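Report on the structure
In case you want the letters, here they are:
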Amino acid sequence: MERRFYDELAQTGLRGDMLSDELSLRILTSSTVELLPLLDAAYQVRKKYTGKEVQLHIINNAQNGYCPEDCHYCAQAKSSDADIEAYPIKSDEEMLEEAKCAYESGAFRYCMVFAGRGPSKTRVEHLAGLIGKIKSRYPIQVCLSAGLIDNEAAQTLKQAGLDRLNHNLNTSERHYPQICTTHTYQDRLDTLHAAQTASIELCAGIIVGMGEKEKDVIEVAKTLRKLEVQSIPVNFLIPIPGNALSDAPDLNPEYCLRVLCLYRFLNPRAEIRVAAGREVHLRSMEVMALYPANSLFVEGYLNTRGASRKQTLQMIKDAGFTIKADRALEELLKQEDEAKDLLTIDDSKTLLKDVKDLRPQM
Ligand code: SF4
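Just so it is clear, the structure is predicted and the values come from calculations on it, not from any experiment. (Residues numbered from 1 in each chain as written. Predicted model: local features only at pLDDT ≥ 70, side-chain atom pairs only at ≥ 80, totals over all residues.)

Time to look at the pairing of strand β8 (residues 271-274). Where burial is concerned, the two faces of β8 agree: the one with Glu271 and Arg273 and the one with Ile272 and Val274 are both buried. Pairing of strand β7 (residues 231-236) with β8 involves four bridges; the strand directions are parallel. Considered in β8, the bridge of Val234 is made with Val274. Once you follow β7 into helix α9 (residues 253-266) and on to β8, the crossover reads as right-handed. Bridge count between β8 and strand β9 (residues 295-297): two bridges; the pairing is parallel. (Buried ≥ 20, exposed ≤ 12 C-beta atoms within 10 Å, placed from the backbone. Helix = DSSP H or I, 4+ residues; strand = E, 2+ residues; numbered from the N terminus. Pairing = 2+ DSSP bridges. Right-handed = clockwise from strand over helix to strand, strands pointing away.)

Attention now moves to the site of the ligand. Taken together, the neighbourhood of the ligand is formed by Cys67, Glu69, Cys71, Cys74, Gln76, Ala77, Ala115 and Gly147. Among the residues forming the shell around the ligand, the class breakdown is five nonpolar, two polar and one charged. (Near = placed C-beta within 6 Å. Nonpolar A, V, L, I, M, F, W, Y, C, P; charged D, E, K, R; others polar.)

Here Ser91 shows up in the loop between β1 (53-63) and α4 (92-104). The class of Ser91 is exposed, set by 12 C-beta atoms lying within 10 Å. A sequence separation of 29 residues divides Ser91 from Ala62, and the C-alpha atoms of the two residues are 8.8 Å apart.

Below, the discussion takes up the packing of helix α5 (residues 121-137) against helix α6 (residues 151-160). Each packed pair of helices is defined by two parameters, the angle between the axes and the distance between the axes. Two numbers describe how α5 lies on α6: the axes approach to 8 Å, and their chain directions differ by 20°. Put simply, α5 runs roughly parallel to α6. Every pair of crossing elements has a handedness; the one defined by α5 and α6 is right-handed. Packed against α5, whose contacting residues are Val124, Glu125, Leu127, Ala128, Ile131 and Gly132, the element α6 presents Ala153, Thr156, Leu157 and Ala160 at the interface. Split into classes, the residues belonging to the contact of α5 with α6 amount to seven nonpolar, two polar and one charged. (Axes fitted to C-alpha atoms, helices over the stretch in contact; angles between N-to-C directions. Parallel < 35°, antiparallel > 145°, perpendicular 65-115°, else oblique. Left-handed = near helix turned anticlockwise from the far one by under 90°. Contact = placed C-beta atoms within 7 Å.)

Within β1, nine of the 11 residues are buried, which leaves it mostly tucked inside the rest of the structure. Relative to strand β10 (residues 322-323), β1 runs parallel, the two sharing two bridges. Within the sheet, the bridge partner assigned to Glu53 lies in β10 and is Thr322. Of the strand pairs in this sheet, β1 and β9 are connected by three bridges, and their pairing is parallel. When the sheet's bridge partners are listed, Leu56 is paired in β9 with Leu296. Both β1 and strand β2 (residues 109-114) contribute to a ladder of six bridges, which runs parallel. The residue bridging Asn60 from the neighbouring strand is Met112, located in β2. Since β1 and β2 lie parallel, the crossover through α4 that links them has a hand, and here it is right-handed.

Core analysis: the biggest nonpolar cluster contains 110 residues, and Tyr110, Leu157, Val234 and Leu260 have the highest contact counts within it. Take this core: its biggest share by element is nine residues, from α9. Ignoring anything within four residues of it in the chain, the contact list for Leu260 reads Val234, Ile272, Val274, Ala289, Pro292 and Ala293. (Core = buried A, V, L, I, M, F, W, Y, C linked by C-beta atoms within 7 Å.)

A separate point is helix α11 (residues 309-318). Turning to α11, its buried residues number three or more, namely Arg309, Thr312, Leu313 and Ile316. For α11, the angular spread of the buried residues around the axis is 95°, confining them to a single face. Once α11 ends, the next one or two residues include Gly320, with phi positive near 85°. (Arc of directions from axis to C-beta.)

Here we take up the environment of Cys261. Mapping Cys261 onto the fold places it in helix α9. Judged by the 30 C-beta atoms lying within 10 Å of it, Cys261 falls in the buried class. Once the C-alpha coordinates of Cys261 and Leu28 are considered, the two residues, 233 residues apart in sequence, prove to be 8.8 Å apart. Aside from chain neighbours lying at most four places away, what touches Cys261 is Ile27, Leu38, Leu39, Ala42 and Pro292.

For residues besides glycine, phi is generally negative; the peptide bonds are generally trans as well. With a phi angle near 60°, Tyr66 is a residue other than glycine that sits in the positive phi range. Assignment of secondary structure puts Tyr66 in the loop between β1 and α4. Residue Ser199 is not a glycine yet carries a positive backbone phi of 65°. If you trace the backbone, Ser199 turns up in the loop between α7 (185-197) and β5 (201-203). Taking the number of C-beta atoms within 10 Å as the measure of exposure, Ser199 has 9 and is therefore exposed.

Put into structure tokens, the structure is as follows:
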């Protein structure tokens, strides 16, 4: 493809214009659309809206297991036989201590994830109290993932200071019944609308690699654009033994990068997060994700380990990017150098987090 093609693609993203489905499909699948100039075009859009900054997120698995839903990708689903150590909701003290650690390790945002279909009124009031305490102690953005939320719950959480609500679409409406049978795609959209009505920022994304077609990947990106979602995690399925979706997905680093580029073109201003599966599926190409994406998780994901904090920070520094935090990247790296107990992913036995990873304060 000639240089002009990539220049026009970048200009389309910079203007915020829509891409046709045909062009989106070519970005994902056509060998005539080459990866390096494609990444460069996506980077021009990323740079305009987010500069060279990377936002670091730390996820807190606030309750492990006990979920009545059957999301086929999730180790906490009732239908999963994954070898996880279930625990009920963490105490406020534990959550506050972990928020403090997240802030001190440079996280821009602290994400609390509670398993379950959705919180009861009592649980919402409890969460509101916890969010209020975190916001009053640490200057950190707070994101909550707590299942299905209605308008009243969204208002309560907003008043408590919640910055963002995470509720992923995960896949297209067409493919949704293949990945979950206990709630619907419309339930998910209703939750996002409730948060939006309460003026809570939206975080909603996709899991790629769940048997969907490219048209589903495109459809989700377009839906997120229509919803004006501010934060888009792009996950690549980590197949966890015992889950309904436990087979290795047919993904490769190049395809994953193409997906990230497409999401940047279709959602130019959004915070695009290269999320779960970045280490497993991007492998040696991981650093290239920083060109379309401007956000990532440190210290792994909900139930699976990821690269160590030091590895991730070093990758960002080596590629010449900076972080969005009130401490310098170099300072955080120095702090990591002084710490001895770095995590590494060495083999499949270490895929799942154990309870010491999930509850470091215990
Ligand atoms: S993704 Fe959430 S709702 Fe679905 S099974 Fe896992 S914890 Fe439950």
